[in-house]
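Commentary on secondary and tertiary structure
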Amino acid sequence: MNHSMRRTLLAATAALGLGLATAATAVPATAATPAQQETVRSSYIGSPQEEANNKAFFAAVMKSAQAKQAKSPGLQTVTVTYDASQAPRFANQIAQSTQIWNSSVRNVRLQQGSNADFRYYEGNDSRGSYASTDGHGRGYIFLDYRQNQQYDSVRVTAHETGHVLGLPDHYSGPCSELMSGGGPGTSCTNRYPNANERSRVDSLWQNGLSAFAKQGALAKAY
């Protein structure tokens, strides 16, 4: 589910993740073959490349959000703004995911609006859903139609949004871990981050990018 309930990201180029130049053109829309979709459904394999892309995505979003926050010093909560206009079929899931995260953490808040720090897109992709960055300080989440039909769609969306907030994939985790993504199988419908995931997000957004850099590979903390 994610970066993704499986995405084998392409080698990093000038643009990370999919090697695409801008968020406006960063949306793959080719239909996947049955064999490709089976790969998405059955295989959830993390990699150093995926981990690096997660970090780049989080860093880009945090940098953008903090730059805007600097204009309003004294605020305790960092507001991360998103644009969901390019994912109309998932408007309800995105709204639910936003509510889940906003009720789960205190040091960062998701809010729909202009001058977005990241965007949601929808379509068909053999890699499933994933989070990425365009390499120019902006991030995006891609929500795959087929995968969202097979798995709990709000869980998929909330999982991908977890990458925005700094959490890595942990496919070997139990269903109670939101970031275990598709690892527990299609029967898992948990949409909420557990206590450890909530604490990690609050810690990251309280201390900023300098603390994030010192932590090294987030995936190793799980």
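Just so it is clear, the structure is predicted and the values come from calculations on it, not from any experiment.

**With respect to the overall build of the protein**
Across its full length, the protein carries seven helices and five strands. Start at the N end of the protein and walk to the C end: the helices and strands fall as α-α-α-β-α-β-β-β-β-α-α-α. Scored against the burial criterion, the 222 residues of the protein give a buried share of 53%. For the protein, contacts bridging at least 24 residues in sequence account for 70% of all contacts bridging at least 6. Total accessible area computed for the protein in this model is approximately 9300 Å², and 51% of it derives from carbon and sulfur atoms.

**As for helix α6 (residues 153–164)**
Under the 1.5 Å per step criterion, the end-to-end length of α6 is 17 Å for twelve residues, consistent within 8% with the ideal 16 Å. Burial within α6 is extensive, with twelve of its twelve residues counted as buried. For α6, the complete set of buried residues consists of Ser153, Val154, Arg155, Val156, Thr157, Ala158, His159, Glu160, Thr161, Gly162, His163 and Val164. Directly beyond the C-terminal end of α6, a positive phi value near 110° is found at Gly166.

**As for the state of the cysteines**
Under the defined criterion, the tally for this structure stands at one disulfide. The disulfide bridge from Cys175 ends at Cys188, spanning 2.0 Å between sulfur atoms. Because the torsion about its S-S bond is 85°, the bridge between Cys175 and Cys188 counts as right-handed. Here the residue Cys175 occupies a position in the loop between α6 and α7 (195–215), and Cys188 occupies one in the loop between α6 and α7, the gap between them amounting to 13 residues. Overall, the relative accessible area of 28% leaves Cys175 in the partly exposed class. On the basis of relative accessibility, which here comes to 3%, the residue Cys188 falls in the buried class.

**Comments concerning the side chain of Ser104**
For Ser104, the location among the structural elements is in helix α4 (residues 91–104). Within polar-contact distance, the side chain of Ser104 engages the backbone oxygen of Ile100 at 2.6 Å. Aside from chain neighbours lying at most four places away, what touches Ser104 is Pro193 and Arg198.

**What to know about the pairing of strand β4 (residues 130–133)**
It is a general feature of regular strands that their side chains alternate between the two faces of the sheet. Across the two faces of β4 the burial is the same, with Tyr130 and Ser132 and Ala131 and Thr133 all buried. In this sheet, strand β5 (residues 139–144) lies alongside β4 in antiparallel orientation, the contact comprising four bridges. When the sheet's bridge partners are listed, Thr133 is paired in β5 with Gly139.

**Remarks on the packing of aromatic side chains**
Within this structure, the stated rule accounts for seven aromatic pairs. Between the aromatic rings of Phe90 and Tyr145, the centroid separation amounts to 6.2 Å while the plane-to-plane angle is 10°, which identifies the pairing as stacked. Placement of Phe90 in the loop between β1 (78–86) and α4 and of Tyr145 in helix α5 (residues 145–150) is noted, with a sequence separation of 55 residues between them. Across this residue pair, the class does not change: Phe90 and Tyr145 are buried. Among the aromatic residues, those joined into a ring-pair cluster are Tyr121, Tyr130, Tyr140 and Phe142. The cationic tip of Arg89 hangs over the ring face of Tyr145; the distance from NZ or CZ to the ring centre is 4.4 Å.

Definitions and cut-offs
Residues numbered from 1 in each chain as written. Predicted model: local features only at pLDDT ≥ 70, side-chain atom pairs only at ≥ 80, totals over all residues. Heavy atoms only, no water. Helix = DSSP H or I, 4+ residues; strand = E, 2+ residues; numbered from the N terminus. Buried < 20%, exposed > 50% of the residue type's maximum accessible area, 1.4 Å probe, protein only. Contact = heavy atoms within 4.5 Å. Areas by Shrake-Rupley, 256 points an atom, 1.4 Å probe, with all protein chains shown as cover. Expected span 1.5 Å × (residues − 1). Disulfide = S-S within 2.5 Å. Polar contact = N/O pair within 3.5 Å; in protein donor to acceptor, adjacent residues only side chain to side chain. Pairing = 2+ DSSP bridges. Phe/Tyr/Trp six-rings, centres within 6.5 Å; stacked < 30°, edge-to-face > 60°. Lys NZ or Arg CZ within 6 Å of the ring centre and 35° of its normal.

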